[in-house]
Amino acid sequence: MNVLLLGSGGREHAIACSIAASKQCSQLFVAPGNAGTALLKLSSNKSAVTNVAISPTDFPAIKDFCVANNINMVVVGPEAPLVAGIRDYFESQPSLRKVMVIGPSKVCAQLEGSKDYAKAFMQRHNIPTAAYRTFTTASLKKGIAFLHTLKPPYVLKADGLAAGKGVLILPTLEEAERELTAMLKDAKFGEASAKVVVEEYLDGIELSVFVLSDGKHYKILPTAKDYKRIGEGDTGLNTGGMGSVSPVHFADKQFMKKVEERIVVPTVKGLYQEGTPYKGFIFVGLMAVTNEATGELDPYVIEYNVRMGDPETESVFPRIKSDMVDLLERVWRGNLQQTTLEIDPRTAACVMAVAGGYPGSYEKGHPITGIDQVEGSMVFHAGTRIGNDGQMLTNGGRVLCVTTLADSMPEALLRSYQEMAKITWQGIYYRRDIGQDLLKMIVAKGEN
Ligand code: AMP
Ligand code: GLY
(Lines give C-alpha, C1' and ligand atoms only; values in the text may rest on other atoms or scores of the structure.)
(Ligands and ions follow the chains in the order given, each with its own letter.)
Protein backbone atom coordinates (compact mmCIF):
# COMPACT_ATOMS: atom_id res chain seq x y z
CA MET A 1 0.00 0.00 0.00
CA ASN A 2 1.32 3.46 -0.93
CA VAL A 3 0.35 5.98 1.74
CA LEU A 4 0.39 9.78 1.79
CA LEU A 5 0.15 11.40 5.23
CA LEU A 6 -0.79 15.09 5.42
CA GLY A 7 0.68 17.34 8.12
CA SER A 8 3.97 18.39 9.69
CA GLY A 9 3.74 18.26 13.49
CA GLY A 10 4.63 15.89 16.29
CA ARG A 11 1.24 14.25 15.78
CA GLU A 12 2.14 13.44 12.18
CA HIS A 13 5.60 12.12 13.17
CA ALA A 14 3.90 9.77 15.65
CA ILE A 15 1.29 8.70 13.06
CA ALA A 16 4.08 8.22 10.49
CA CYS A 17 5.96 5.93 12.93
CA SER A 18 2.88 3.71 13.30
CA ILE A 19 2.25 3.61 9.54
CA ALA A 20 5.94 2.93 8.86
CA ALA A 21 5.78 -0.03 11.26
CA SER A 22 2.90 -1.62 9.32
CA LYS A 23 3.57 -4.78 7.33
CA GLN A 24 1.19 -3.45 4.71
CA CYS A 25 2.94 -0.19 3.94
CA SER A 26 5.21 -0.29 0.89
CA GLN A 27 5.78 3.46 0.46
CA LEU A 28 5.11 6.41 2.77
CA PHE A 29 5.13 10.08 1.79
CA VAL A 30 4.50 12.94 4.21
CA ALA A 31 3.31 16.35 2.97
CA PRO A 32 5.05 18.46 4.10
CA GLY A 33 6.49 16.44 7.06
CA ASN A 34 9.47 17.48 9.20
CA ALA A 35 13.05 16.37 9.90
CA GLY A 36 11.75 13.46 11.99
CA THR A 37 9.53 12.00 9.29
CA ALA A 38 12.38 12.38 6.76
CA LEU A 39 14.59 10.11 8.88
CA LEU A 40 12.06 7.24 9.13
CA LYS A 41 12.36 3.89 7.37
CA LEU A 42 9.60 1.38 6.66
CA SER A 43 9.67 -1.91 8.57
CA SER A 44 8.35 -3.87 5.59
CA ASN A 45 11.05 -3.11 3.01
CA LYS A 46 13.46 -0.68 4.74
CA SER A 47 12.73 2.01 2.19
CA ALA A 48 12.98 5.62 3.35
CA VAL A 49 9.94 7.78 4.12
CA THR A 50 9.86 10.79 1.78
CA ASN A 51 8.77 14.33 2.63
CA VAL A 52 7.05 16.17 -0.19
CA ALA A 53 6.72 19.96 -0.28
CA ILE A 54 2.95 20.19 -0.67
CA SER A 55 0.60 22.10 1.63
CA PRO A 56 -2.14 19.88 3.20
CA THR A 57 -4.80 22.28 1.86
CA ASP A 58 -3.52 22.44 -1.74
CA PHE A 59 -6.01 19.87 -3.09
CA PRO A 60 -5.05 20.10 -6.80
CA ALA A 61 -1.35 19.54 -5.93
CA ILE A 62 -2.31 16.60 -3.67
CA LYS A 63 -4.39 15.15 -6.50
CA ASP A 64 -1.51 15.37 -8.99
CA PHE A 65 0.84 13.77 -6.47
CA CYS A 66 -1.59 10.90 -5.72
CA VAL A 67 -2.09 10.13 -9.40
CA ALA A 68 1.62 10.34 -10.27
CA ASN A 69 2.67 8.16 -7.32
CA ASN A 70 -0.11 5.61 -7.32
CA ILE A 71 -1.23 6.53 -3.80
CA ASN A 72 -3.76 4.10 -2.29
CA MET A 73 -4.42 5.81 1.03
CA VAL A 74 -4.36 9.43 2.26
CA VAL A 75 -4.24 9.92 6.03
CA VAL A 76 -5.20 13.43 7.13
CA GLY A 77 -3.43 14.72 10.27
CA PRO A 78 -4.72 18.29 10.86
CA GLU A 79 -8.28 19.64 10.74
CA ALA A 80 -7.85 22.35 8.07
CA PRO A 81 -8.00 20.03 5.00
CA LEU A 82 -10.99 18.17 6.52
CA VAL A 83 -12.95 21.33 7.28
CA ALA A 84 -12.10 22.52 3.74
CA GLY A 85 -13.58 19.26 2.39
CA ILE A 86 -10.67 17.09 1.24
CA ARG A 87 -12.75 13.94 1.45
CA ASP A 88 -15.55 15.41 -0.69
CA TYR A 89 -12.91 16.69 -3.15
CA PHE A 90 -11.48 13.17 -3.58
CA GLU A 91 -14.99 11.76 -4.11
CA SER A 92 -15.66 14.39 -6.77
CA GLN A 93 -12.56 13.52 -8.83
CA PRO A 94 -12.88 10.40 -11.02
CA SER A 95 -9.12 9.76 -10.86
CA LEU A 96 -9.20 9.76 -7.03
CA ARG A 97 -12.35 7.79 -6.21
CA LYS A 98 -10.46 4.63 -5.31
CA VAL A 99 -8.07 6.42 -2.96
CA MET A 100 -8.92 5.68 0.67
CA VAL A 101 -9.14 9.04 2.42
CA ILE A 102 -8.92 8.57 6.18
CA GLY A 103 -10.83 11.47 7.66
CA PRO A 104 -14.44 12.67 7.76
CA SER A 105 -16.46 14.51 5.11
CA LYS A 106 -16.93 18.27 5.15
CA VAL A 107 -20.34 17.96 6.80
CA CYS A 108 -18.95 15.81 9.62
CA ALA A 109 -15.91 18.10 9.98
CA GLN A 110 -18.39 20.78 11.09
CA LEU A 111 -18.23 19.04 14.46
CA GLU A 112 -14.92 20.88 14.86
CA GLY A 113 -15.45 23.67 12.31
CA SER A 114 -18.61 25.03 13.96
CA LYS A 115 -19.22 25.02 17.72
CA ASP A 116 -22.90 25.77 17.07
CA TYR A 117 -23.21 22.74 14.77
CA ALA A 118 -21.51 20.53 17.38
CA LYS A 119 -23.70 21.77 20.22
CA ALA A 120 -26.93 21.35 18.18
CA PHE A 121 -25.82 17.81 17.23
CA MET A 122 -25.23 16.95 20.89
CA GLN A 123 -28.59 18.38 21.87
CA ARG A 124 -30.38 16.36 19.15
CA HIS A 125 -28.80 13.17 20.44
CA ASN A 126 -28.97 13.84 24.19
CA ILE A 127 -25.19 13.80 24.53
CA PRO A 128 -24.16 15.34 27.86
CA THR A 129 -22.62 18.80 27.38
CA ALA A 130 -22.86 22.23 29.00
CA ALA A 131 -26.21 24.05 28.54
CA TYR A 132 -25.85 26.73 25.85
CA ARG A 133 -27.39 29.18 23.42
CA THR A 134 -26.04 30.64 20.20
CA PHE A 135 -26.20 34.35 19.30
CA THR A 136 -25.52 36.57 16.28
CA THR A 137 -25.17 40.36 15.96
CA ALA A 138 -28.94 40.54 15.52
CA SER A 139 -29.52 38.72 18.82
CA LEU A 140 -26.79 40.44 20.87
CA LYS A 141 -29.33 41.87 23.32
CA LYS A 142 -30.76 38.42 23.96
CA GLY A 143 -27.18 37.14 24.40
CA ILE A 144 -26.54 39.71 27.11
CA ALA A 145 -29.84 38.80 28.78
CA PHE A 146 -28.81 35.11 28.65
CA LEU A 147 -25.48 35.95 30.33
CA HIS A 148 -27.50 37.41 33.22
CA THR A 149 -29.14 33.99 33.76
CA LEU A 150 -25.76 32.24 34.14
CA LYS A 151 -23.40 32.01 37.08
CA PRO A 152 -19.74 33.10 36.71
CA PRO A 153 -17.32 32.26 35.17
CA TYR A 154 -18.81 32.85 31.71
CA VAL A 155 -17.82 30.77 28.68
CA LEU A 156 -17.94 32.40 25.22
CA LYS A 157 -16.98 30.43 22.10
CA ALA A 158 -16.50 31.81 18.61
CA ASP A 159 -18.45 29.48 16.34
CA GLY A 160 -15.74 28.97 13.71
CA LEU A 161 -12.07 27.96 13.73
CA ALA A 162 -10.05 30.70 15.46
CA ALA A 163 -6.58 29.11 15.72
CA GLY A 164 -7.40 27.74 19.17
CA LYS A 165 -8.00 31.24 20.57
CA GLY A 166 -11.77 31.51 20.12
CA VAL A 167 -12.80 30.34 23.61
CA LEU A 168 -12.95 32.94 26.39
CA ILE A 169 -13.58 32.14 30.04
CA LEU A 170 -14.43 35.34 31.86
CA PRO A 171 -14.73 35.87 35.63
CA THR A 172 -17.20 38.80 35.66
CA LEU A 173 -20.48 39.65 33.98
CA GLU A 174 -19.07 43.01 32.82
CA GLU A 175 -16.19 41.34 30.99
CA ALA A 176 -18.52 38.73 29.49
CA GLU A 177 -20.86 41.44 28.17
CA ARG A 178 -17.91 43.42 26.77
CA GLU A 179 -16.35 40.41 25.06
CA LEU A 180 -19.63 39.13 23.65
CA THR A 181 -20.17 42.57 22.13
CA ALA A 182 -16.59 42.63 20.76
CA MET A 183 -17.02 39.17 19.22
CA LEU A 184 -20.39 39.85 17.61
CA LYS A 185 -20.31 43.56 16.78
CA ASP A 186 -16.59 44.22 16.27
CA ALA A 187 -15.78 40.82 14.69
CA LYS A 188 -13.05 40.16 17.27
CA PHE A 189 -12.30 36.80 15.62
CA GLY A 190 -13.41 37.86 12.14
CA GLU A 191 -15.93 35.57 10.42
CA ALA A 192 -15.30 32.94 13.12
CA SER A 193 -17.19 35.03 15.69
CA ALA A 194 -20.15 35.99 13.48
CA LYS A 195 -21.95 33.48 15.72
CA VAL A 196 -21.04 32.94 19.37
CA VAL A 197 -21.94 30.04 21.63
CA VAL A 198 -22.52 31.12 25.24
CA GLU A 199 -22.45 28.19 27.63
CA GLU A 200 -22.53 27.11 31.21
CA TYR A 201 -19.15 26.64 32.91
CA LEU A 202 -18.29 23.06 33.81
CA ASP A 203 -16.07 22.55 36.83
CA GLY A 204 -14.02 19.37 36.63
CA ILE A 205 -10.94 17.65 35.21
CA GLU A 206 -10.33 17.49 31.48
CA LEU A 207 -9.28 14.48 29.48
CA SER A 208 -9.21 13.44 25.83
CA VAL A 209 -10.91 10.34 24.47
CA PHE A 210 -10.20 9.19 20.92
CA VAL A 211 -12.47 7.10 18.77
CA LEU A 212 -11.76 5.48 15.42
CA SER A 213 -15.01 5.15 13.47
CA ASP A 214 -15.77 3.39 10.17
CA GLY A 215 -19.18 5.06 9.95
CA LYS A 216 -21.04 2.30 11.78
CA HIS A 217 -18.56 0.58 14.08
CA TYR A 218 -15.95 2.10 16.31
CA LYS A 219 -12.93 1.41 18.49
CA ILE A 220 -12.18 3.51 21.54
CA LEU A 221 -8.45 4.30 21.56
CA PRO A 222 -6.42 4.94 24.74
CA THR A 223 -7.33 8.03 26.79
CA ALA A 224 -4.88 10.88 27.33
CA LYS A 225 -4.50 14.14 29.19
CA ASP A 226 -2.71 17.08 27.69
CA TYR A 227 -1.15 20.15 29.28
CA LYS A 228 -2.13 23.26 27.35
CA ARG A 229 -0.64 26.17 29.30
CA ILE A 230 2.95 27.32 28.87
CA GLY A 231 3.69 27.65 32.59
CA GLU A 232 4.03 25.09 35.36
CA GLY A 233 0.93 24.62 37.50
CA ASP A 234 -1.20 25.33 34.39
CA THR A 235 -0.40 29.04 34.30
CA GLY A 236 0.26 31.51 31.50
CA LEU A 237 -0.80 31.49 27.88
CA ASN A 238 -2.39 28.60 26.02
CA THR A 239 -0.11 26.65 23.70
CA GLY A 240 -0.59 23.86 21.20
CA GLY A 241 0.16 21.48 24.11
CA MET A 242 3.21 21.02 26.35
CA GLY A 243 2.99 17.31 27.12
CA SER A 244 0.62 14.41 27.54
CA VAL A 245 0.09 11.23 29.51
CA SER A 246 -1.78 8.07 28.48
CA PRO A 247 -3.78 6.40 29.98
CA VAL A 248 -5.59 8.73 32.40
CA HIS A 249 -6.00 6.77 35.64
CA PHE A 250 -9.36 8.25 36.69
CA ALA A 251 -10.91 7.18 33.37
CA ASP A 252 -11.48 3.73 34.85
CA LYS A 253 -13.85 1.01 33.56
CA GLN A 254 -16.90 2.54 35.19
CA PHE A 255 -16.18 6.01 33.80
CA MET A 256 -15.37 4.68 30.31
CA LYS A 257 -18.62 2.72 30.29
CA LYS A 258 -20.46 6.02 30.76
CA VAL A 259 -18.32 7.63 28.04
CA GLU A 260 -19.16 4.80 25.65
CA GLU A 261 -22.89 4.63 26.42
CA ARG A 262 -23.63 8.33 26.80
CA ILE A 263 -21.20 9.80 24.26
CA VAL A 264 -19.47 7.44 21.83
CA VAL A 265 -22.49 5.33 20.84
CA PRO A 266 -24.88 8.29 20.34
CA THR A 267 -22.18 10.21 18.43
CA VAL A 268 -21.37 7.44 15.93
CA LYS A 269 -25.00 6.30 15.68
CA GLY A 270 -26.33 9.86 15.46
CA LEU A 271 -24.03 10.73 12.57
CA TYR A 272 -24.95 7.49 10.82
CA GLN A 273 -28.68 8.05 11.30
CA GLU A 274 -28.45 11.60 10.01
CA GLY A 275 -27.00 10.22 6.77
CA THR A 276 -23.51 11.53 7.44
CA PRO A 277 -21.53 8.48 8.58
CA TYR A 278 -18.20 9.46 10.11
CA LYS A 279 -15.04 7.73 8.90
CA GLY A 280 -11.90 8.68 10.74
CA PHE A 281 -10.63 9.76 14.13
CA ILE A 282 -12.98 11.56 16.53
CA PHE A 283 -11.33 13.44 19.36
CA VAL A 284 -13.76 13.99 22.21
CA GLY A 285 -12.59 16.63 24.67
CA LEU A 286 -14.28 15.75 27.96
CA MET A 287 -14.79 17.31 31.34
CA ALA A 288 -15.12 14.78 34.15
CA VAL A 289 -17.49 16.44 36.61
CA THR A 290 -18.24 15.12 40.09
CA ASN A 291 -21.91 14.24 40.42
CA GLU A 292 -22.94 15.69 43.77
CA ALA A 293 -25.67 13.12 44.33
CA THR A 294 -23.58 9.99 43.63
CA GLY A 295 -20.03 11.25 44.22
CA GLU A 296 -19.08 9.66 40.90
CA LEU A 297 -17.37 11.32 37.94
CA ASP A 298 -19.69 11.97 34.99
CA PRO A 299 -18.41 12.80 31.48
CA TYR A 300 -19.52 15.95 29.60
CA VAL A 301 -18.38 16.87 26.10
CA ILE A 302 -16.45 20.15 25.95
CA GLU A 303 -15.69 19.87 22.24
CA TYR A 304 -15.28 17.52 19.33
CA ASN A 305 -12.26 17.61 17.05
CA VAL A 306 -12.22 15.70 13.79
CA ARG A 307 -8.61 14.54 14.06
CA MET A 308 -6.19 13.18 16.62
CA GLY A 309 -4.85 15.55 19.31
CA ASP A 310 -1.35 16.95 19.47
CA PRO A 311 0.52 16.11 21.73
CA GLU A 312 -1.94 13.36 22.78
CA THR A 313 -1.10 11.32 19.66
CA GLU A 314 2.52 11.22 20.81
CA SER A 315 1.46 9.25 23.91
CA VAL A 316 -1.57 7.41 22.46
CA PHE A 317 -0.14 6.04 19.20
CA PRO A 318 2.94 4.35 20.72
CA ARG A 319 0.47 2.31 22.81
CA ILE A 320 -1.49 1.01 19.81
CA LYS A 321 0.04 -2.32 18.87
CA SER A 322 -2.44 -3.27 16.12
CA ASP A 323 -1.24 -2.82 12.53
CA MET A 324 -2.15 0.83 11.79
CA VAL A 325 -2.64 0.48 8.03
CA ASP A 326 -4.90 -2.52 8.60
CA LEU A 327 -7.00 -0.48 11.07
CA LEU A 328 -7.24 2.46 8.66
CA GLU A 329 -8.16 0.24 5.73
CA ARG A 330 -10.98 -1.17 7.89
CA VAL A 331 -12.18 2.38 8.52
CA TRP A 332 -12.46 2.80 4.75
CA ARG A 333 -14.09 -0.60 4.13
CA GLY A 334 -16.45 -0.41 7.12
CA ASN A 335 -15.34 -3.61 8.87
CA LEU A 336 -13.65 -2.30 12.00
CA GLN A 337 -15.81 -4.66 14.08
CA GLN A 338 -13.92 -7.68 12.70
CA THR A 339 -10.67 -6.82 14.47
CA THR A 340 -9.57 -6.43 18.08
CA LEU A 341 -7.57 -3.44 19.11
CA GLU A 342 -4.27 -4.40 20.74
CA ILE A 343 -3.11 -1.87 23.31
CA ASP A 344 0.16 -1.73 25.25
CA PRO A 345 -0.88 -1.64 28.95
CA ARG A 346 2.10 0.51 29.90
CA THR A 347 1.88 4.26 30.57
CA ALA A 348 3.23 6.71 28.01
CA ALA A 349 4.52 10.10 29.13
CA CYS A 350 5.30 12.78 26.57
CA VAL A 351 7.19 16.00 27.35
CA MET A 352 7.21 18.73 24.71
CA ALA A 353 10.12 21.17 24.36
CA VAL A 354 9.55 24.53 22.73
CA ALA A 355 11.50 27.50 21.39
CA GLY A 356 12.27 30.31 23.88
CA GLY A 357 9.48 32.90 23.77
CA TYR A 358 6.77 30.50 22.51
CA PRO A 359 3.74 30.92 22.37
CA GLY A 360 4.75 34.56 21.82
CA SER A 361 7.37 35.44 19.22
CA TYR A 362 10.34 33.07 19.00
CA GLU A 363 13.39 32.41 16.85
CA LYS A 364 13.88 29.58 14.38
CA GLY A 365 17.02 28.01 12.95
CA HIS A 366 18.92 27.15 16.16
CA PRO A 367 21.02 23.94 15.97
CA ILE A 368 19.63 21.03 18.02
CA THR A 369 22.06 18.64 19.70
CA GLY A 370 21.74 15.45 21.71
CA ILE A 371 18.91 13.62 19.94
CA ASP A 372 21.34 10.81 19.06
CA GLN A 373 22.11 10.34 22.79
CA VAL A 374 18.49 9.44 23.64
CA GLU A 375 18.07 5.80 24.69
CA GLY A 376 14.93 3.80 25.41
CA SER A 377 12.57 6.69 24.63
CA MET A 378 11.05 8.02 21.42
CA VAL A 379 11.72 11.50 20.04
CA PHE A 380 8.90 12.93 17.94
CA HIS A 381 9.80 16.00 15.91
CA ALA A 382 7.30 18.87 15.61
CA GLY A 383 9.05 22.01 14.35
CA THR A 384 12.41 20.82 13.01
CA ARG A 385 14.23 20.85 9.69
CA ILE A 386 17.57 19.69 8.38
CA GLY A 387 19.86 22.58 7.38
CA ASN A 388 22.10 22.66 4.32
CA ASP A 389 25.05 21.19 6.23
CA GLY A 390 22.92 18.30 7.54
CA GLN A 391 22.53 19.90 11.00
CA MET A 392 19.14 19.51 12.71
CA LEU A 393 17.59 22.96 13.26
CA THR A 394 14.60 24.33 15.15
CA ASN A 395 11.81 25.34 12.79
CA GLY A 396 8.75 26.12 14.90
CA GLY A 397 7.36 26.97 18.35
CA ARG A 398 6.87 23.41 19.51
CA VAL A 399 10.14 21.79 18.45
CA LEU A 400 10.12 18.16 19.58
CA CYS A 401 8.93 15.86 22.33
CA VAL A 402 10.24 12.82 24.17
CA THR A 403 7.85 9.95 24.93
CA THR A 404 8.63 7.00 27.19
CA LEU A 405 6.61 3.85 27.79
CA ALA A 406 7.02 2.38 31.27
CA ASP A 407 5.20 0.19 33.77
CA SER A 408 4.21 3.17 35.92
CA MET A 409 3.51 6.85 35.32
CA PRO A 410 6.29 8.09 37.67
CA GLU A 411 8.82 5.92 35.82
CA ALA A 412 7.62 7.00 32.37
CA LEU A 413 7.82 10.67 33.41
CA LEU A 414 11.23 10.28 35.08
CA ARG A 415 12.70 8.63 32.02
CA SER A 416 11.21 11.16 29.60
CA TYR A 417 12.77 13.97 31.64
CA GLN A 418 16.13 12.15 31.90
CA GLU A 419 16.26 11.70 28.14
CA MET A 420 15.00 15.24 27.42
CA ALA A 421 17.92 16.57 29.52
CA LYS A 422 20.31 15.20 26.85
CA ILE A 423 18.76 17.42 24.16
CA THR A 424 19.44 21.12 23.85
CA TRP A 425 19.27 24.24 21.67
CA GLN A 426 19.49 27.94 22.39
CA GLY A 427 16.40 28.96 24.37
CA ILE A 428 14.94 25.44 24.90
CA TYR A 429 12.05 25.38 27.41
CA TYR A 430 9.82 22.62 28.72
CA ARG A 431 7.46 22.25 31.65
CA ARG A 432 8.85 20.13 34.51
CA ASP A 433 5.43 19.26 35.93
CA ILE A 434 3.78 17.13 33.24
CA GLY A 435 1.63 14.47 34.96
CA GLN A 436 2.14 15.92 38.46
CA ASP A 437 -1.56 16.76 38.89
CA LEU A 438 -2.48 13.16 38.13
CA LEU A 439 0.21 11.82 40.48
CA LYS A 440 -1.16 14.05 43.28
CA MET A 441 -4.67 12.72 42.62
CA ILE A 442 -3.42 9.14 42.81
CA VAL A 443 -1.64 9.83 46.10
CA ALA A 444 -4.71 11.61 47.52
CA LYS A 445 -6.96 8.70 46.54
CA GLY A 446 -4.53 6.21 48.08
CA GLU A 447 -4.69 8.04 51.41
CA ASN A 448 -8.49 8.06 51.55
P1 AMP B 1 -12.53 24.26 23.39
O2 AMP B 1 -11.80 24.96 22.27
O3 AMP B 1 -13.98 24.19 23.23
O4 AMP B 1 -11.86 22.97 23.77
O5 AMP B 1 -12.23 25.15 24.68
C6 AMP B 1 -10.91 25.44 25.10
C7 AMP B 1 -10.77 25.18 26.57
O8 AMP B 1 -11.67 25.98 27.31
C9 AMP B 1 -11.11 23.76 26.95
O10 AMP B 1 -10.03 22.91 26.78
C11 AMP B 1 -11.49 23.93 28.40
O12 AMP B 1 -10.34 23.99 29.22
C13 AMP B 1 -12.15 25.27 28.43
N14 AMP B 1 -13.62 25.14 28.32
C15 AMP B 1 -14.35 25.12 27.20
N16 AMP B 1 -15.66 25.01 27.47
C17 AMP B 1 -15.77 24.98 28.82
C18 AMP B 1 -16.87 24.87 29.72
N19 AMP B 1 -18.13 24.82 29.31
N20 AMP B 1 -16.60 24.85 31.04
C21 AMP B 1 -15.33 24.92 31.49
N22 AMP B 1 -14.25 25.04 30.70
C23 AMP B 1 -14.46 25.06 29.38
N1 GLY C 1 -4.12 18.85 22.31
C2 GLY C 1 -5.28 19.52 21.90
C3 GLY C 1 -5.52 19.53 20.45
O4 GLY C 1 -4.87 18.84 19.70
O5 GLY C 1 -6.42 20.25 20.03
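Now for a description of the structure that goes with this document. Keep in mind it's a predicted model, so treat the numbers as computed, not measured.

## Brief notes about the nonpolar core
One finds Leu4 and Phe90 to be the most contacted residues of the largest nonpolar core, which totals 84 residues. Sort the elements by how many residues they give to this core and helix 10 (residues 253-273) lands first, with 7 residues. For Phe90, the contacting residues outside a window of four places in its chain are Ile62, Cys66, Val74, Leu96, Arg97, Val99 and Val101. In terms of nonpolar packing, the next biggest core, distinct from the first, is built from 34 residues, Cys25, Leu40, Met308 and Leu336 among them.

## Some details on the site of ligand 2
Close to ligand 2 lie Asp226, Phe283, Arg307, Gly309, Asp310 and Glu312, which account for all nearby residues. Arg307 places a polar side-chain atom, nitrogen or oxygen, 2.9 Å from an oxygen atom of ligand 2. Relative to its unbound accessible area of 200 Å², ligand 2 is 87% covered by the protein chains. Classifying every residue of the shell around ligand 2 gives 1 nonpolar, 1 polar and 4 charged.

## Concerning a nonpolar patch on the surface
Among the surface-exposed residues, Val167, Ile169 and Tyr201 lie close enough to one another that they form a single nonpolar patch of about 260 Å² accessible area. Note on placement: Tyr201 falls in the loop between strand 9 (195-199) and strand 10 (205-214). The exposure class of Tyr201 is partly exposed, given its relative accessible area of 36%.

## Here we look at unusual backbone geometry
Omega for the peptide link from Ala31 to Pro32 comes to -5°, which places this bond in the cis form. A cis amide bond links Ser246 to the next residue, Pro247, at an omega of 0°. In this structure, Pro247 sits in the loop between strand 15 (243-246) and helix 10. For Ala187, which is not a glycine, the phi torsion comes out positive at approximately 50°. Of note, Ala187 is situated in the loop between helix 9 (173-184) and strand 9.

The rules behind each value
Residues numbered from 1 in each chain as written. Chains lettered and ligands numbered in written order. Predicted model: local features only at pLDDT ≥ 70, side-chain atom pairs only at ≥ 80, totals over all residues. Heavy atoms only, no water. Core = buried A, V, L, I, M, F, W, Y, C linked by side-chain atoms within 4.5 Å. Buried < 20%, exposed > 50% of the residue type's maximum accessible area, 1.4 Å probe, protein only. Helix = DSSP H or I, 4+ residues; strand = E, 2+ residues; numbered from the N terminus. Contact = heavy atoms within 4.5 Å. Near = heavy atom within 4 Å. Polar contact = N/O pair within 3.5 Å; in protein donor to acceptor, adjacent residues only side chain to side chain. Areas by Shrake-Rupley, 256 points an atom, 1.4 Å probe, with all protein chains shown as cover. Nonpolar A, V, L, I, M, F, W, Y, C, P; charged D, E, K, R; others polar. Patch = residues over 30% accessible without salt bridge, like charges linked within 9 Å, V, L, I, M, F, W, Y side chains within 5 Å. Salt bridge = Lys/Arg side-chain N within 4 Å of Asp/Glu carboxyl O.

Everything listed here is a matter of geometry and, on its own, says nothing about what the molecule does.
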